[in-house]
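Inside the fold
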Amino acid sequence: MAGGIRRNVFKNKTTSFYPVGEEISSPENHKTTVEDLSLISVSTEECNAVPVGSAPIVSSYNDRIRPLLDAIDRLRHLNIMQEGIQLPTIVVVGDQSSGKSSVLESLAGISLPRGQGICTRVPLIMRLENHLNHQPEIYLEFDGRVVPTDEENISHAITAATDEIAGHGKGISNTPLTLIVKKNGVPDLTMVDLPGITRVPVHGQPEDIYEQISKIIMEFIAPEESVILNVLSASVDFTTCESIRMSQKVDKNGERTLAVVTKADKAPEGLLEKVTADDVNIGLGYVCVRNRIGDESYDEARDKEAELFETHPLLSNISEGMVGIPVLAQKLVQIQASIIVKCLPDIVRKINNKLSTNMEEINKLPKNLASLAEAMTAFMHVLSCAKESLRKIIIRGEFDEYPDVLEMHCTARLAEMLNQYSELLKSNSKENDLKFSFLLDEIRVLQEAKAIGLPNFLPRSAFLTQLQKKVKMISYTPFEFVDKVWNYIENIVVRNLMQHSDNYPQLLSSIRRSAQNLVSKKKKVSIDWVNDIVEMEKLTDYTSNPEYVATWSKLMSHQEKLMEIVRDHSKPSEMHIDGLGEVDVAHLRSNVDIVQEAFDLKMRMTAYWKIVLMRMVDCMALHLLFSLQNLVNKDMETEVINELIGPQGNALQRMLYESPAVAEKRSRLENSIKLLNDSKDVVGNLMDRISGNYD
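The shown structure was predicted, so the numbers you read here are calculated from the model rather than taken from an experiment.

**Brief notes about the overall build of the chain**
Secondary structure assignment for the chain yields 21 helices and 15 strands. For the chain, buried positions account for 51% of its 695 residues. Of the contacts made within the chain by residues no fewer than 6 positions apart, 78% connect residues no fewer than 24 positions apart.

**Let's talk about the packing of aromatic side chains**
Under the criterion given, the structure shown has five aromatic pairs. A ring pair is formed by Tyr-421 and Phe-481, whose centres lie 4.5 Å apart and whose planes are at 20 degrees; its orientation type is stacked. Of this pair, Tyr-421 sits in helix 11 (residues 410–428) while Phe-481 sits in helix 15 (residues 476–500), and the two are 60 residues apart along the sequence. The class of Phe-481 is buried, set by a relative accessible area of 6%.

**Things to note about helix 8 (residues 298–311)**
Over its 14 residues, helix 8 runs 20 Å from end to end, which matches the ideal 20 Å to within 8%, given 1.5 Å per residue. Among all positions in helix 8, only Tyr-298, Ala-301, Arg-302, Glu-305, Ala-306, Leu-308 and Phe-309 are buried. Along the axis of helix 8, the buried residues cluster in a sector spanning 160 degrees; they form a single face. Looking at the buried positions of helix 8, the neighbouring elements they touch are helix 3 (100–108), strand 13 (286–288) and helix 9 (325–364).

**Comments concerning the sheet that holds strand 10 (residues 189–193)**
In a beta sheet, neighbouring strands are held together by backbone hydrogen bonds and run either parallel or antiparallel to one another. Read from one edge of the open sheet, nine strands run 8-7-9-6-10-5-11-12-13, paired in mixed fashion. On the outer flanks of this sheet lie strand 8 (145–149) and strand 13, each paired with one strand and no other. Each adjacent strand pair in this sheet contributes to an overall mean axis angle of 25 degrees, direction not counted. Pairing geometry for strand 7 (residues 137–142) and strand 9 (residues 177–183), over five bridges, is antiparallel.

**Digging into unusual backbone geometry**
Leaving glycine out, the prevailing phi sign among residues is negative, and the prevailing peptide bond configuration is trans. Phi at Asp-143 takes a positive value of approximately 55 degrees, unusual for a residue other than glycine. Summarising the element assignment, Asp-143 is placed in the loop between strand 7 and strand 8. In this structure Asp-143 comes out as exposed when scored by relative accessible area, which is 68%. A positive phi is found at Leu-439, a non-glycine position, where the angle reads about 75 degrees. Along the chain, the position of Leu-439 falls in the loop between helix 12 (434–437) and helix 13 (440–448). By relative accessible area, which is 1% here, Leu-439 ends up buried.

**Comments concerning the packing of helix 13 against helix 14 (residues 460–474)**
Taken N-terminus to C-terminus, the directions of helix 13 and helix 14 make an angle of 130 degrees; their axes are 9 Å apart at the nearest point. Classified by the angle between their axes, helix 13 and helix 14 sit oblique to one another. Two packed elements cross with a definite hand, and for helix 13 against helix 14 that hand is right-handed. Contacts from Asp-441, Glu-442, Val-445 and Leu-446 of helix 13 reach helix 14 at Ala-462, Thr-465, Gln-466 and Lys-469. Within the contact of helix 13 with helix 14, the residues separate by chemical class into three nonpolar, two polar and three charged.

Parameters and conventions
- Starting from 1, residues in each chain are numbered consecutively following that chain's sequence as written.
- The predicted nature of this model means local features are confined to residues of pLDDT at least 70 and side-chain atom pairs, given and counted, to a pLDDT of 80 or more, with totals for whole chains, interfaces and linings taken over all residues.
- In computing side-chain values, all of the structure's heavy atoms are included and hydrogens and water are not.
- A run of DSSP states H or I qualifies as a helix once it reaches four residues; a run of E qualifies as a strand once it reaches two. Both are numbered from the N-terminal end.
- Only protein chains enter the accessibility calculation, which uses a 1.4 Å probe. A residue is then buried if its area is under 20% of the maximum for its type, exposed if over 50%, and partly exposed in between.
- Working rule for contacts: check all heavy atoms of both residues, and any pair within 4.5 Å makes them a contact.
- Classification of ring pairs uses Phe, Tyr and Trp, with its six-membered ring standing for Trp, and accepts pairs whose centres are within 6.5 Å; under 30 degrees between planes counts as stacked, over 60 as edge-to-face, and the remaining range as tilted.
- Helices are assigned an expected span. That span is 1.5 Å times one less than the residue count.
- The arc refers to the directions leading from the helix axis to the C-beta atoms.
- Being paired, for any two strands, means DSSP has found at least two bridges between them.
- Every angle, taken between N-to-C directions, lies between 0 and 180 degrees, and every axis is a line fitted to C-alpha atoms, over only the stretch in contact when it is a helix.
- For this classification, under 35 degrees means roughly parallel, over 145 means roughly antiparallel, 65 to 115 means roughly perpendicular, and everything else is oblique.
- The sense of a crossing depends on the near helix, which, turned anticlockwise from the far helix by less than a right angle, makes the crossing left-handed and, turned clockwise, makes it right-handed.
- Residues are grouped as follows: Ala, Val, Leu, Ile, Met, Phe, Trp, Tyr, Cys and Pro are nonpolar; Asp, Glu, Lys and Arg are charged; all remaining types, including Gly, are polar.

Structural data, given as structure tokens:
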């Protein structure tokens, strides 16, 4: 075993990640297929038993995996994730003291910070790259700086950088620190090491340390593109591990979770059963490792690890494909390549979609205006677009601009309001307890309207008295309706104008004020009109509608039966009258001489009131339609122009200066578009390199 490991991890087969020939969508001029990507496949004969000191742990993947990993690292460096585009990532999680740092040290061949409590206080992005030069290159990147270091001082450098990011003490931060290790003999991997999970804060840690760590971990492991490397101690019950509980929240079936079991030499009893029973759903399998002890070199630790799993009476029973740092490195490299190839088409699609969206958005921003003439042209364009939009939603009933915003479907909402208004008029004028008080009110009015004159003439004053009383009962209803309608219209007009003026924040306050003033004026006109309508209905009675006479004649057909019941006390006192329902007339037998006249008055009022209510609804509908037409076609433009460029307005002058909000938005979009274009170039170059279509 001198200086090497004898076992073959994969038994002489070729590992390929996808069926050959499936097409992957890619940036323009970078068309490729998975057949091209299958060039990454590697014969595992190349991965077998290489001398530790002279070659990387996974030597055969270097040339083929490195382009993939470089592309993803470049995208990460460009901060493409801030655009909502997730990158394939190996995320290392584990409970505190699970041996997480030891595993990473063994993979990277460097020493990481150690000590009591939380050693990793920020997300540590570890980029490992096999380096042909025997002189390692190690440096940190954070806060826009590059800090070179070396193997001897790396632990101190990480601690110092962490203190700058998270502060001195034991607090944590979600701001990442990147560690680049270019060293001969390391696997080509990029991993994110997260703070170890602890439930009980120690001295100097915030009380909510568990919640803070949990939030950071969930942010990194939740995306489907993340592979979870769950570090577990062999000495604990896996089902009780907090890191397992967290990973199961986002990866219930373990399809993207790989477990590495540390300290196998400390707790060998029952370990075989734990990793084969898989009670916690680890879909990508287990790898058991031995932690480096004391001053052992990494080569010595690897030799002793190999000897342990080959000779230990219990641990030697574990499949050789499930033990050792080299196996872990092999699996991680393979999984990493697989997830990158799998995610690449989706990354391309998301970059293109985001780029298109940002281009559309930036094209909607206003152009910089150089003169008052340009400002006037831009302003009139805004006003014209707003008018046309209001014509569609208020007058024509077209709502393609707001298909899912029901409030903006104005014609439908106004029709609903008008129907409610009609029902309110009817319900507010309905007489109470008509069955047992039938005609009593009419009799009282007739008795008070008596005068010296010929009998059998229905006093007109009695009819007008009853009419005024009924109009008064419903007089507040049209005023409430007008107020409700114009409040609704104000919201619609303001929202529409503000939306079309969104690119000119310096105009928004003036436009809102002009819209509110306009609607306020229109509402006052409607209130005055309603007041006139109500007073006209009180003043006199008139209709040329033939429905009045027809309804009155139909109702009067019940008069003969009524008089029979009133005169003949032996007959039942209840009767049915169309439109009024069941009535009891027993109380009328004491006023038989005036009943006939009272019934005539009642039937005339019933027939006429139907016409009055219909007239109030019809006239209100016509008034509103007329008012809204004028508002959109004439009044709005006049009001807005007077407010913005009239004697007191200086809006055009303000339009010459781009608002800070628009300037900030333009800058943000330009930066985003540059980032996305750079990212598109990175992916495109990768496609070219895979396909061999580059010089």
